[in-house]
Amino acid sequence: MATILAVHAHPDDIEHLAAGTLAILAAQGHAIRIATLTAGECGSAATDLAATGAIRKAEAAAAAALIGAQYRCADLADLGVFNDDASRRAVTELIRWAAPDVVLAASPADYHPDHEAASQLTRDACFAASVPNYRTGPATALEAIPHLYFMDPIGGRDREGNRIAADFGADIEGGFARKQQMLSAHVSQAEWVARQHGIADHLGSMEAWSRRRGKDFGRTVAEGFRQYVHEPYPKAPLLQRLLGEALVTPPPAT
């Protein structure tokens, strides 16, 4: 069995973009770890930073528990994620804690600055995690760089509205009910997403995106991924193999 770590900027990002895949892998017996770089403490107009962060971390832990996953937060500042040395060491420690075979990271291009910085940090921390002299904390350095994959950006587009194509997808019909439950655990975000994003139904928005991605792969609902294979990152299609029958590839262009 493998260990899969999903890393994103805020609580509920992973539920939108990869929870169906994680639910399927968890059901197969793989170990799942979920990490966010921030507590999402800016995500409320009703509670202060400390209270919001505590609420959102509790929601993230509850969501992770639905698939038997462990959750950790790096406690970087919300709207203050940058690719600097202190942040890289914090993320490297997270990766060493999880000791993953596969890392699912945020998309390098997305609408939110924290998402893009989280992607860069996770990419670089995967490299640093196997460097023994790069000291980060109590966790032991990894033996090798884990297999790295990027999730879709929110809405499947970059800041300029250009579509981001996936290398492959996961048919998440078997894990979609659990994905809905995991996002529902983020109770505090219903009001915030309506206020900040003008989305009255964030659960409905997630379902609409999952169905849109599913259509790209000829399935009902899906999640998309891209593998990072530049030197010296692993090139073997490990996640694709782990997905088994849930693996789907885009239809040929016509």
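You'll find the structure just up there.
As a starting point, this report considers the structure included with it. (Residues numbered from 1 in each chain as written. Predicted model: local features only at pLDDT ≥ 70, side-chain atom pairs only at ≥ 80, totals over all residues. Heavy atoms only, no water.)

On to the environment of Leu243, then. As for its position among the elements, Leu243 is in helix α9 (residues 238–243). The buried category is assigned to Leu243, whose relative accessible area is 1%. Sequence separation of Leu243 and Asn83 is 160 residues, and the distance between their C-alpha atoms is 31 Å. Ignoring anything within four residues of it in the chain, the contact list for Leu243 reads Thr21, Leu25, Gln28, Phe168, Gly169 and Ala170. (Helix = DSSP H or I, 4+ residues; strand = E, 2+ residues; numbered from the N terminus. Buried < 20%, exposed > 50% of the residue type's maximum accessible area, 1.4 Å probe, protein only. Contact = heavy atoms within 4.5 Å.)

Below, the discussion takes up the nonpolar core. Within the largest apolar cluster, 42 residues are counted, with the highest numbers of intra-cluster contacts made by Ile4, Leu22, Ile32, Ile34, Ile67, Leu104 and Leu239. At six residues, helix α2 (residues 19–27) tops the list of elements feeding residues into this core. Leave out the neighbours within four places in its chain, and Ile32 touches Ile4, Leu22, Leu25, Ala26, Ile67, Ala69 and Gln70. The next biggest cluster of nonpolar side chains, apart from the first, holds 28 residues, and it includes Leu37, Val81, Cys126 and Leu148. (Core = buried A, V, L, I, M, F, W, Y, C linked by side-chain atoms within 4.5 Å.)

Turning our attention to the pairing of strand β1 (residues 3–8). Counting buried residues in β1 gives six out of six residues, a clear majority hidden from the surface. Side chains of β1 alternate between two faces, with Thr3, Leu5 and Val7 and Ile4, Ala6 and His8 buried alike. Where β1 meets strand β4 (residues 102–105), three bridges bridge the pair, whose relative direction is parallel. Pairing of Ala6 across the sheet is with Leu104, part of β4. (Pairing = 2+ DSSP bridges.)

Evaluation of the coordinates by the stated rule reveals one cavity of 30 Å³ or more. Here the largest cavity defines a volume of roughly 30 Å³. Lining the largest cavity are His10, Pro11, Asp12, Ile14, Glu15, Ile34, Thr36, Ala60, Tyr71 and His186. The set of elements that each furnish at least two residues to the lining of the largest cavity consists of α1 (13–17) and β2 (31–38). Residue composition of the lining of the largest cavity, grouped by class: five nonpolar, three polar and two charged. (1 Å grid on protein atoms, 1.4 Å probe; cavity = no way out; pocket = protein on both sides within 12 Å on 5 of 7 lines; lining within 4 Å. Points joined across faces, edges and corners; volume = space filled by probe spheres on them. Nonpolar A, V, L, I, M, F, W, Y, C, P; charged D, E, K, R; others polar.)

Let us now look at the sheet that holds strand β3 (residues 70–76). If you walk across this open sheet you meet the eight strands as β3-β2-β1-β4-β5-β7-β6-β8, and the pairing is mixed. Unpaired on one side and paired on the other, β3 and β8 (247–248) mark the two borders of the sheet.

To continue, consider the side chain of Glu93. Relative to the helices and strands, Glu93 resides in helix α4 (residues 85–98). Look at Glu93: it is buried, it has no salt bridge, and the nearest opposite charge is Arg96 at 5.1 Å. The contact partners of Glu93, leaving out residues within four places of it in the chain, are Thr136, Gly137, Pro138 and Ala139. (Lys, Arg positive; Asp, Glu negative; His and termini not counted. Salt bridge = Lys/Arg side-chain N within 4 Å of Asp/Glu carboxyl O.)

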